[in-house]
Protein chains: 2
Amino acid sequence: MSASVGIVTTEYAKFDVELQLESGRLLGPLTLAYETYGTLNSDRSNVILVTHAWTGDAHAAGKNTPEDRKPGWWDDMIGPGKVLDTDRYFVLCSNVIGSCKGSTGPASLNPRTGKSYNLSFPVVMVRDMVRAQKLLFDRLGIDSLVTVIGGSMGAMQAVEWGLLYPDMVRSVIPIAGTGRTSPMAIALNALARQAIFSDPMWKKGNYKPEHPPADGLALARAVGHISFLSDTSMHLKFGRRFSARDGMFDFFGQFEIERYLAYNGASFVDRFDTNSFLYLAKALDLYDVSWNFDSMEEALDNLQCPSLWFAFTSDWLYAPSQTEEVVKVLQKLDKPVAYHLIDSDYGHDSFLVEPDKFTPLIVEFLDKLK
Amino acid sequence: MSASVGIVTTEYAKFDVELQLESGRLLGPLTLAYETYGTLNSDRSNVILVTHAWTGDAHAAGKNTPEDRKPGWWDDMIGPGKVLDTDRYFVLCSNVIGSCKGSTGPASLNPRTGKSYNLSFPVVMVRDMVRAQKLLFDRLGIDSLVTVIGGSMGAMQAVEWGLLYPDMVRSVIPIAGTGRTSPMAIALNALARQAIFSDPMWKKGNYKPEHPPADGLALARAVGHISFLSDTSMHLKFGRRFSARDGMFDFFGQFEIERYLAYNGASFVDRFDTNSFLYLAKALDLYDVSWNFDSMEEALDNLQCPSLWFAFTSDWLYAPSQTEEVVKVLQKLDKPVAYHLIDSDYGHDSFLVEPDKFTPLIVEFLDKLK
């Protein structure tokens, strides 16, 4: 797993379009940030789309500069000889609209006003993200995808790809996904929202980029962080250890888990835009595979290709039962579907932390595709 | 279950003592708020102590005035013919120190300064709460308890009673408890803390009672509220229903679960003191039955009486495995122990919501006590 795609450059594709969103509103012009790994073959038939999660970005593998401390977020998965083998496949990862990592989002300039959108940015759904990505493949002249693979919000995009473009998508691999965001997940996002809304620095979204609502966003991130972990993973990493710096009976004394969450939340503020965080949370909350269909069954009947689903035993955010709900409908519809419940202690984040536990099943699945 | 203890008056016992706390600090003089239901028999042998959870109080049953909209928090359990039968037992419930419901806590006046303690209040542990309660029984001339029964933080107090006063306690009934607060629970409390600390109205605990950090406390309460529920109970109550008042694509549009959490958090501000909330969160975080013992085994070896334990299938805050950890140690030590895992969808709050599911087992247990 040590081979790397090396140094990669993020590309930016600009589209002079007005994309009609699920809300009825129009969004455009659009920019999409993306990276590619491997080589497009002559008949453009070796393309894999990797879709990212909430705070992810286009930088899925390799390094952008030799000095980068860490490689892209799914570097374990993408590279020569890895499961998404760049010696065979042309792998593309694109940042979603609504984000702040190079694609058009609330922090982008609204060309009509010359100011950043902030809360005048329209609410986007996962389906809108996928429609925007489709523009990119049209531009690149690609009309066939070996697979669309992603975890969490990436799993939602993979499914939407299968529903919207059945002629183009030859398989989908949704990992740690859900058929519809649960009230628990919505409730956790509601906490995150309230934390930001309550921060006077937020100013109804009109903060200056250099003065973000740092406390609110840090707390919002900590909510997310907890929901991505599991009690077991916290036990393994922190247990009940009290911070060595603090007295146990100090009012402000912290357990290590607490110090870690605070540190992590604070560092997140430097790398993510608050309004983007909120818009993507909204997209997650609104996600329901049966959106604009009469039922989950009717929606999933549009999925023509084989699908491979993974859930993780310790994931309590998008619990295995949520993937199983979808898989059961697909089975009932006699669709080609495979499902694996992976035993992992790392909660929702297992798809990032322990890819070794499921990658052999992906290799096998991809090899069987015609 | 309709019989009521009727109108009850909260009593306040004042103790001119200096209670030595686990931290080494002294606290005193002390006031304890308490209520009693039923009649103390002539040999003072029919006493049951009910211990309350985090934001509970001494008012466990009946009404304080005929106009009260709701009875005490465990009225389903306490009354003539109920499981804690006031025709047989003399039931006492006392508000813990650190709280704001009549017992000495951070909002109380420090007699040395004439001002409220605020953050000069000492950190208290559950063991300290129990030692304070013991003063009350000494005052009342009661040296024997049929049982100590409570849920959540109440379960912790029940166990501590058994460990500290084995000659006095004839049984304990810890419900939805834990042997030691998990890193997940600590992490959730850390969110609640940060929400309060980040509210400028908190002023490091020196807010005026009439100007509390309302946003921070409301958010903190919402964190707790989520952790007391389960995904299933949220599905049953709210599903994915969007608030009828809001447009689905409004940036500030809310799902019903979200509106409920906000409403509930805001109303909590009127009935609970912020600093008390923080001190009790700290007591919960610090709770470990093996505190000041070498091991959980050594600690639990002090429990001489029969114990009856309940956990709930959908409780993810103090998950059944946490009760089971304690029960296994007691079994290994050959202690008289009974454990029931109750199938309930109501998460940690099941002990309040569905008492019917476990009360018959308590009746049976109490009847078998000599």
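Use the structure listed above.
Residues numbered from 1 in each chain as written. Chains lettered and ligands numbered in written order. Predicted model: local features only at pLDDT ≥ 70, side-chain atom pairs only at ≥ 80, totals over all residues. Heavy atoms only, no water.

### A short note on the overall build of chain A
Along the backbone of chain A there are eleven helices and 14 strands. For a compact globule of 370 residues, the expected C-alpha radius of gyration is about 21 Å, and chain A comes in at 20 Å, within 12% of that figure. When the backbone C-alpha atoms are referred to their principal axes, chain A occupies close to 65 × 50 × 50 Å. Relative to its 370 residues, chain A shows a buried fraction of 60%. Restricting the contact set of chain A to residue pairs at least 6 apart, pairs at least 24 apart contribute 73%. Accessible surface for chain A amounts to roughly 14,100 Å². Of this, 50% is attributable to carbon and sulfur atoms. (Helix = DSSP H or I, 4+ residues; strand = E, 2+ residues; numbered from the N terminus. Rg over C-alpha atoms; globule rule 2.2 N^0.38 Å. Buried < 20%, exposed > 50% of the residue type's maximum accessible area, 1.4 Å probe, protein only. Contact = heavy atoms within 4.5 Å. Areas by Shrake-Rupley, 256 points an atom, 1.4 Å probe, with all protein chains shown as cover.)

### Some remarks on the sheet that holds strand S5 (residues 47-51) of chain A
All names here are of chain A. Pairing in this open sheet of eight strands is mixed, and the strands run S1-S4-S8-S5-S11-S12-S13-S14 from one edge to the other. Two strands in the sheet have a free side with no partner beyond their single neighbour: strand S1 (11-15) and strand S14 (337-342). For this sheet, the mean inter-axis angle between neighbouring strands, taken without regard to orientation, is 20°. Of the strand pairs in this sheet, S1 and strand S4 (residues 30-37) are connected by five bridges, and their pairing is antiparallel. (Pairing = 2+ DSSP bridges. Axes fitted to C-alpha atoms, helices over the stretch in contact; angles between N-to-C directions.)

### Overview of empty space enclosed by the protein
A probe matching the size of a water molecule, rolled over the atoms, marks out where space remains unfilled. On inspection of all chains with the given rule, the structure shows four cavities of 30 Å³ or more. Here the largest cavity defines a volume of roughly 120 Å³. Taken together, 14 residues form the lining of the largest cavity, with Ala195(A), Ser198(A), Asp199(A), Ala195(B) and Ser198(B) sitting closest to its centre. Considered class by class, the residues forming the lining of the largest cavity number six nonpolar, four polar and four charged. (1 Å grid on protein atoms, 1.4 Å probe; cavity = no way out; pocket = protein on both sides within 12 Å on 5 of 7 lines; lining within 4 Å. Points joined across faces, edges and corners; volume = space filled by probe spheres on them. Nonpolar A, V, L, I, M, F, W, Y, C, P; charged D, E, K, R; others polar.)

### As for the environment of Met184(B)
Relative to the helices and strands, Met184(B) is located in helix H3 (residues 183-197). Spatially, the C-alpha atoms of Met184(B) and Leu163(B) are 26 Å apart, while their sequence positions differ by 21 residues. Those residues within four positions of Met184(B) in sequence are excluded, and the remaining contacts are Ile226(A), Leu229(A), Ser230(A), Asp231(A), Met234(A) and Trp316(A).

### Comments concerning unusual backbone geometry
The residue after Gly28(A), namely Pro29(A), is reached through a cis peptide bond having omega -5°. By the element assignment, Pro29(A) lies in the loop between strand S3 (26-27) and S4.

### Examining helix H9 (residues 320-332) of chain A
Compared with an ideal rise of 1.5 Å per residue, which puts 13 residues at 18 Å, H9(A) spans 18 Å between its outermost C-alpha atoms and is within 8% of the ideal. Of all the residues in H9(A), the buried ones are Pro320(A), Gln322(A), Thr323(A), Val326(A), Val327(A), Val329(A) and Leu330(A). Contact partners of the buried residues in H9(A): helix H8 (296-300), strand S13 (307-312) and S14 of chain A together with helix H5 (231-237) of chain B. Residue Asp334(A) follows H9(A) closely and has a positive phi angle near 60°. (Expected span 1.5 Å × (residues − 1).)

### Description of the side chain of Ser344(B)
Residue and element names in this part refer to chain B. In this structure, Ser344 sits in the loop between strand S14 (337-342) and helix H10 (350-353). Reaching out from Ser344, the side chain makes a polar contact with the backbone nitrogen of Tyr346 at a distance of 3.3 Å. In this structure the side chain of Ser344 is engaged in a polar contact, spanning 2.7 Å, whose partner is the side chain of Glu354. In this structure, Ser344 is in contact with Phe312, Thr313, Ser314, Ser350, Glu354 and Lys357, ignoring residues within four places of it in sequence. (Polar contact = N/O pair within 3.5 Å; in protein donor to acceptor, adjacent residues only side chain to side chain.)

### A short note on the sheet that holds strand S13 (residues 307-312) of chain B
Residues and elements named next belong to chain B. Spatial strand order, S1-S4-S8-S5-S11-S12-S13-S14: eight strands in an open sheet with mixed pairing. Because the sheet does not close on itself, it has two edges, and the strands there are strand S1 (11-15) and S14. Adjacent strand axes in the sheet meet at a mean angle of 20° when their direction is disregarded. In this sheet, strand S8 (residues 90-94) lies alongside strand S5 (residues 47-51) in parallel orientation, the contact comprising four bridges. The partner of Leu49 across the bridge, within S8, is Leu92. Against the sheet, helix H11 (residues 359-368) touches S5, strand S11 (147-151), strand S12 (172-175), S13 and S14, its axis set at about 170° to S13.

### Overview of the relation of the copies chain A and chain B
Here chain A sits on chain B after a turn of 180° about the axis and a move of 0.0 Å along it, with an RMSD of 0.0 Å. The superposition of one copy onto the other is thereby described by a two-fold rotation axis. For chain A, the residue whose C-alpha comes nearest the rotation axis is Ala195(A), separated from it by 3.4 Å. (Least-squares fit on C-alpha atoms with pLDDT ≥ 70 in both.)

### Details of the interface of chain A and chain B
Counting residues at the interface gives 56 residues for chain A, matched by 56 residues for chain B. A combined buried area of about 4,700 Å² lies between chain A and chain B, and 76% of that area is made up of carbon and sulfur atoms. When the buried area of chain A at its contact with chain B is split by residue, Arg240(A), Phe249(A) and Phe251(A) rank highest and sum to 18% of it. Here chain A and chain B share four salt bridges between them. Ionic pairing is found between Arg193(B) and Glu258(A), a salt bridge with its closest N-O pair at 2.7 Å. Between chain A and chain B we count 18 residue pairs in polar contact (both at pLDDT 80 or more) in total. (Buried area = accessible area lost by both parts, 1.4 Å probe. Salt bridge = Lys/Arg side-chain N within 4 Å of Asp/Glu carboxyl O.)

### Description of the environment of Leu333(B)
All names here are of chain B. Within the fold, Leu333 resides in the loop between helix H9 (320-332) and S14. Distance in space between the C-alpha atoms of Leu333 and Leu21 is 29 Å, their sequence separation being 312 residues. Residues within four places of Leu333 in sequence aside, it is in contact with Glu297, Leu300 and Asp301.

### Considerations on the packing of aromatic side chains
Enumeration over the complete set of coordinates arrives at 45 aromatic pairs over all chains. With 5.4 Å between their ring centres and 10° between their planes, Phe268(A) and Phe272(A) make a pair best called stacked. Residues Phe312(B) and Phe358(B) carry aromatic rings whose centres are separated by 5.7 Å and whose planes lie at 65° to one another, so their mutual orientation is edge-to-face. Taken together, the residues span a long stretch of sequence, with Phe312(B) in strand S13 and Phe358(B) in the loop between H10 and H11 at a distance of 46 residues. Neither residue differs from the other here; Phe312(B) and Phe358(B) are each classed as buried. One aromatic cluster is present, built from ring pairs that chain together Tyr117(A), Phe121(A), Phe197(A), Trp202(A), Tyr279(A), Phe251(B) and Phe252(B). The ring of Phe268(A) carries the charged tip of Arg221(A) above its face, separated from the ring centre by 4.4 Å. Just above the ring of Phe252(A) sits the side chain of Lys204(B); from NZ or CZ to the centre is 5.0 Å. (Phe/Tyr/Trp six-rings, centres within 6.5 Å; stacked < 30°, edge-to-face > 60°. Lys NZ or Arg CZ within 6 Å of the ring centre and 35° of its normal.)

### Side note on the state of the cysteines
Enumeration according to the criterion identifies zero disulfides over all chains in this entry. Residue Cys305(A) stays outside any disulfide, its sulfur separated by 19 Å from that of Cys93(A), the closest cysteine. Here Cys305(A) falls in the buried class, since its relative accessible area comes to 8%. With no disulfide of its own, Cys93(B) lies closest to Cys100(B) among cysteine sulfurs, the gap being 14 Å. According to the relative accessible area criterion, Cys93(B) is buried, its value standing at 0%. (Disulfide = S-S within 2.5 Å.)

### As for the pattern of salt bridges
Note that side chains of opposite charge can pair when their charged atoms are close. The full count for this structure, using the stated rule, is 32 salt bridges over all chains. The shortest N-O distance in the salt bridge between Arg193(A) and Asp285(A) comes to 2.5 Å. You can see Arg193(A) sitting in helix H3 (residues 183-197) and its partner Asp285(A) sitting in helix H7 (residues 274-286), a full 92 residues away along the chain. Each member of the salt-bridge network shares a partner with another, and the members are Arg193(A), Asp285(A) and Glu258(B).

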